[in-house]
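Working through the structure, step by step
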Amino acid sequence: MSKVRTRFAPSPTGRMHVGNLRTALYAYLIAKHEGGDFILRIEDTDQERYVEGALDIIYRTLQKTGLVHDEGPDKDGGVGPYVQSERNATGVYLKYAKQLIEQGDAYYCFCDKERLESLRSRVSEDGTQIVVYDKHCLHLSREEIEANLAAGKPYVIRINMPAEGTTTFHDDIYGDITVPNEELDDMILIKSDGYPTYNFANVIDDHLMGITHVVRGNEYLSSAPKYNRIYEAFGWDVPVYVHCPLITDENHKKLSKRCGHSSYEDLLDQGFVSEAIVNYVALLGWCPEGNQEIFSLEELVKAFDYHHMSKSPAVFDVQKLKWMNGEYLKAMDFDTFYEMAEPYIRDVVTKGQDLKKIAALVKTRIEIFPDIREQIDFFEELPEYDLSLYCHKKMKVTEEKALDVLKETLPLLEAQEDYSNDALYETLKSYVDEKGFKVGYVMWPLRTALSGRQNTPGGATEIMEVLGKEESLRRIRQGIVRLEER
Ligand code: GLU
């Protein structure tokens, strides 16, 4: 078998949709699983949809996710150009379109807008109106065509689809699909602006670039029979098709911008880490064999067998992604975590607290970085809290008992010089042992006074280490006053 070659062929139209990222990832994995090549091709023939800066986004995303391409516009050598507008400038698409005209498989069409509008149209699967072209220009004489061309009349080039019979096409995920040829309209290959349509360019490029496996979203599935007719007309081998299932939101609607987390960049902005996004996206339409869910990119390369891809829609479950992100944060080395967490921490605490200590406390307790805020805001300002927070049924702590504990430990903590977690713990532990209490019986009221919260990252002594002596004592004294005034 020849070397596997896949391509990712994004159009520069903005942020990288999760579906596109998955296409890129699967194309990469299919190639790398077989030791093949992964190619980047920029499909910019639809000049109206071009968005400034979108190219940078594509390069940045591939780089950040580790989906390193072997060939592409920014690499030397290969079978370029890899940008379709540059390919168009070489005249390659027109050359092949003309070959089809010679063969009788395509023809010039000079019909104007008014005439096209008067034609019958049908509604495609995705709801768009498709004009069914009536092959009017197929019947023009050679002289008429020459005259029109000589007069500079605008034209498109259309494929000449058979009107009868059926076309069958094979997709490795979806199986055989057969469509009646009458449904395949005489689609445009070259537009009136001289650019090829996606429909034509993708076939020419995939062939010339030696692509063996075409991986893309299943929105292209219904057009694939038309592409096969082009391959057939040229006598070229049809590549293996791997169409990926739809990705939906929790309401089973196509994942769209509206849900707010439909692009890779949205997810980064929301505090997800790239590795977790890639890992999660891999599972949107592919099921690993065992129970393992956490995969590094290298592990994915080993495990990814595209035959285990699914054809049913995959639901993008943000909660699951959050869980997975939390697992990545737990496993991350501390310095990397700190670098990423610091801006979020700095946003909340401003009084010279030790940010690294705070980061260490939250590292295993958050799912995404923005969770940090609600976990640590008490380090900045003691929140208002209800005195009932002091009560702990199981540990038999009442407001009264809590007051006793605070009053008795206060002098110990006032005398304490070393406010490190270990030293503080040792001091309080001797008090606990001496009194024959349970550790929690003492720590609970202290932690309440120090944080005003039911849940905190870290216990009383860890919190004191961050707050420092002065602030810790101030909060405990304040707790005592409030409990006394009750
Ligand atoms: N340019 C197309 C897109 O961005 C690519 C489709 C394909 O991979 O063939 O959707």
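Residues numbered from 1 in each chain as written. Predicted model: local features only at pLDDT ≥ 70, side-chain atom pairs only at ≥ 80, totals over all residues. Heavy atoms only, no water.

- An unreviewed UniProt entry lists the protein under the name Glutamate--tRNA ligase, from Mordavella massiliensis.
- Quoted straight from UniProt, the Subunit (unreviewed entry) entry for the protein says "Monomer."
- Its UniProt record, at the heading Sequence similarities (unreviewed entry), says of the protein: "Belongs to the class-I aminoacyl-tRNA synthetase family. Glutamate--tRNA ligase type 1 subfamily." (UniProt positions renumbered as here; feature names shortened; annotations may be inferred.)

Some details on the pattern of salt bridges
- Tallied over the entire structure, the rule returns 30 salt bridges.
- For Arg-453, the salt bridge is made with Asp-377, and the minimal N-O distance between the two is 2.7 Å. Of this pair, Arg-453 sits in the loop between helix H18 (439-451) and helix H19 (460-485) while Asp-377 sits in helix H15 (residues 372-380); the two residues are 76 residues apart in sequence, bridging distant segments of the chain.
- Relative accessible area serves as the criterion here: at 25%, Arg-453 is assigned to the partly exposed category.
- Residue Asp-377 is classed as partly exposed on the basis of its relative accessible area, which comes to 26%.
- In this structure, Lys-469 and Glu-417 form a salt bridge, with 3.6 Å as the shortest nitrogen-oxygen distance. Placement of the pair is Lys-469 in helix H19 and Glu-417 in the loop between helix H16 (399-415) and helix H17 (421-435), with a sequence separation of 52 residues.
- Judged by relative accessible area, Lys-469 falls into the partly exposed class, the value being 25%.
- On the accessibility criterion, Glu-417 (65% relative accessible area) is exposed.
- What emerges from the salt-bridge pattern is a single network uniting Arg-7, Arg-41, Glu-43, Arg-87, Asp-205 and Asp-206. (Salt bridge = Lys/Arg side-chain N within 4 Å of Asp/Glu carboxyl O. Helix = DSSP H or I, 4+ residues; strand = E, 2+ residues; numbered from the N terminus. Buried < 20%, exposed > 50% of the residue type's maximum accessible area, 1.4 Å probe, protein only.)

Description of empty space enclosed by the protein
- This model, assessed by the stated rule, comprises 1 cavity of 30 Å³ or more.
- Roughly 60 Å³ of internal volume is contained in the largest cavity.
- Lining of the largest cavity is provided by Ser-11, Pro-12, Thr-13, Glu-43, Asp-44, Thr-45, Asp-46, Gln-47, Arg-49 and Tyr-50.
- Here the residues of the lining of the largest cavity sort into 2 nonpolar, 4 polar and 4 charged. (1 Å grid on protein atoms, 1.4 Å probe; cavity = no way out; pocket = protein on both sides within 12 Å on 5 of 7 lines; lining within 4 Å. Points joined across faces, edges and corners; volume = space filled by probe spheres on them. Nonpolar A, V, L, I, M, F, W, Y, C, P; charged D, E, K, R; others polar.)

What to know about the pairing of strand E3 (residues 106-109)
- Taking every second residue as pointing to the same face, both faces of E3 are buried, with Ala-106 and Tyr-108 on one and Tyr-107 and Cys-109 on the other.
- Sheet topology note: the E3/strand E6 (residues 156-159) ladder contains 4 bridges and is antiparallel. Paired with Tyr-107 across the two strands is Arg-158, which belongs to E6. (Pairing = 2+ DSSP bridges.)

Let's talk about the packing of helix H14 (residues 355-362) against H19
- At their nearest, the axes of H14 and H19 sit 9 Å apart, and the two run at 155 degrees to each other. By the criterion of interaxial angle, the relationship of H14 to H19 is roughly antiparallel. Classified by chirality, the crossing of H19 by H14 is left-handed. Here H14 contributes Lys-357, Ile-358 and Leu-361 to the contact with H19, which in turn contributes Glu-462, Glu-465 and Val-466.
- Taken together, the residues of the contact of H14 with H19 sort by class into 3 nonpolar, no polar and 3 charged. (Axes fitted to C-alpha atoms, helices over the stretch in contact; angles between N-to-C directions. Parallel < 35°, antiparallel > 145°, perpendicular 65-115°, else oblique. Left-handed = near helix turned anticlockwise from the far one by under 90°. Contact = heavy atoms within 4.5 Å.)

What to know about the sheet that holds E6
- With antiparallel pairing, 3 strands are arranged side by side in an open sheet as E3-E6-E9. A strand with exactly one partner marks an edge of an open sheet, and here the two such strands are E3 and strand E9 (188-190). Direction aside, neighbouring strands of the sheet carry axes that sit 40 degrees apart on average.
- Pairing of E6 with E9, which is carried by 2 bridges, proceeds in the antiparallel orientation. Within E9, the position partnered with Arg-158 by the bridge is Ile-188.

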